[in-house]
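# Structure at a glance
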Amino acid sequence: MRASLLQIDVNEDESVESRRVRVASLVRDQAGADLVVLPELWTTGAFAYEGFGTEAEPLEGPTYEAMAKAASDAGVWLHAGSVPERDPDGPLYNTSLVFSPSGDLAAAYRKIHRFGFDKGEAVLMGAGRDLVTVRLPDTTLGLATCYDLRFPELFRGLVDAGAETLVIPAGWPERRRAHWTLLAQARAVENQAYVLACGTAGTHAGVPQAGHSIVVDPWGEVLAQAGPGEEVLTVEFDPGRVAVTRDQFPALKDRVLGLDPPRR
């Protein structure tokens, strides 16, 4: 498979609509890839909390429409990162969208772990409840978003649901970049799965972004990593290595905790 991670520069000098048009063009440029991945909240910026309410859109809003068309035009599976979703019957959500090569919505994932420690996203957005996987022709994606990366139990659940490739859009800050790389490799090693983690570049709401999007194989080896600025990170990987790794080093079969209720 060929995957392209689009590490988008998010800054206040570019309007949301201009960025949406520009990113759609970048997606179209990836024709020939199997999978294209965008970062978290690339329309607004993950730390631009004050814009969540004004820029929130319904699930099938302008970003949905632009990304569905771009996926269809390019003929790619597109993980369109996440958008601030306004549920007409509830709160805002940090919602990821995945489109098929025909432009149909294949999955939507509402971020479960909200960042902010009782401020920002943690109080402005609702929490998702459902684990989401997406079956592609050659692999099954497991969906997570940014802060989710710090919660290994979520990824165990995705693996139990059949995930082989873990896709993680993020708006990760530069000051914690070491954690970004470390956790991406840890999630790959402990789940014997590929990790495709796509972050934003630039600075928004005064918070410099880490960039350094990363692709890690099931053995924990870094296949490719971007730099700090806007970049298209393209990598080819063999989905069959997941089964081979799990067969040659069957650590997942030795799990004890979390599988069945404890005996009394």
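In the block above lies the structure referred to throughout.
None of these values were measured; they are calculated from a predicted model.

Let us now look at the overall build of the chain. Per the secondary structure count, the chain includes 7 helices and 14 strands. Taking 18 Å as the expected radius of gyration for a compact globule of 264 residues, we find that the chain reaches 17 Å, a close match to that expectation. Taken along its principal axes, the extent of the C-alpha atoms in the chain is 50 × 45 × 35 Å. Going through the 264 residues of the chain one by one, you find that 56% of them count as buried. Once local pairs closer than 6 in sequence are excluded, the contacts in the chain between residues at least 24 apart make up 67%. Only carbon and sulfur atoms are counted for the fraction: they give 51% of the accessible area of the chain, which is about 11,400 Å². One finds the centroid of the 25 positive side-chain charges in the chain at a distance of 6 Å from the centroid of its 37 negative side-chain charges.

Turning our eyes to something else, we now look at the nonpolar core. Grouped together as the largest cluster of nonpolar side chains are 47 residues, with contacts concentrated most on Leu35 and Leu196. Per-element tally for this core: the top contributor is strand β9 (residues 194-198), with 5 residues. When neighbours within four sequence positions are excluded, Leu196 is seen to be in contact with Ala3, Leu5, Leu35, Val37, Thr165, Leu166, Val167, Ile168, Ile214, Val215 and Phe237. With 24 residues, the next largest nonpolar core counts Leu6, Ala66, Val76 and Ala80 among its residues.

Read across the open sheet, the 6 strands follow the order β5-β4-β3-β2-β1-β14; overall the sheet is mixed. The sheet terminates laterally at β5 (105-110) and β14 (231-236), the two strands that pair on one side only. Strand-to-strand, the axes of this sheet are offset by a mean angle of 25 degrees, without reference to chain direction. In this sheet, strand β4 (residues 92-99) lies alongside strand β3 (residues 77-86) in antiparallel orientation, the contact comprising 7 bridges. Residue pairing in the sheet places His79 in a bridge with Val98 of β4.

Here the focus is the sheet that holds strand β6 (residues 133-135). Pairing is mixed across the open sheet formed by 6 strands, whose spatial order is β6-β7-β8-β9-β12-β13. Each end of this open sheet is capped by a strand with a single partner; those strands are β6 and β13 (222-225). Ignoring which end each strand starts from, the neighbouring axes of this sheet average 15 degrees apart. In the sheet, β6 pairs with strand β7 (residues 140-143) via 3 bridges, with the strands oriented antiparallel. Residue pairing in the sheet places Thr133 in a bridge with Gly142 of β7. Contacts from helix α6 (residues 177-191) reach β8 (165-169), β9, β12 (214-216) and β13 within the one sheet, and its direction differs from that of β12 by about 25 degrees.

Calculation notes
- Residues numbered from 1 in each chain as written.
- Predicted model: local features only at pLDDT ≥ 70, side-chain atom pairs only at ≥ 80, totals over all residues.
- Heavy atoms only, no water.
- Helix = DSSP H or I, 4+ residues; strand = E, 2+ residues; numbered from the N terminus.
- Rg over C-alpha atoms; globule rule 2.2 N^0.38 Å.
- Buried < 20%, exposed > 50% of the residue type's maximum accessible area, 1.4 Å probe, protein only.
- Contact = heavy atoms within 4.5 Å.
- Areas by Shrake-Rupley, 256 points an atom, 1.4 Å probe, with all protein chains shown as cover.
- Lys, Arg positive; Asp, Glu negative; His and termini not counted.
- Charge placed at Lys NZ, Arg CZ, Asp CG, Glu CD.
- Core = buried A, V, L, I, M, F, W, Y, C linked by side-chain atoms within 4.5 Å.
- Pairing = 2+ DSSP bridges.
- Axes fitted to C-alpha atoms, helices over the stretch in contact; angles between N-to-C directions.

This is a description of form; function is not addressed.
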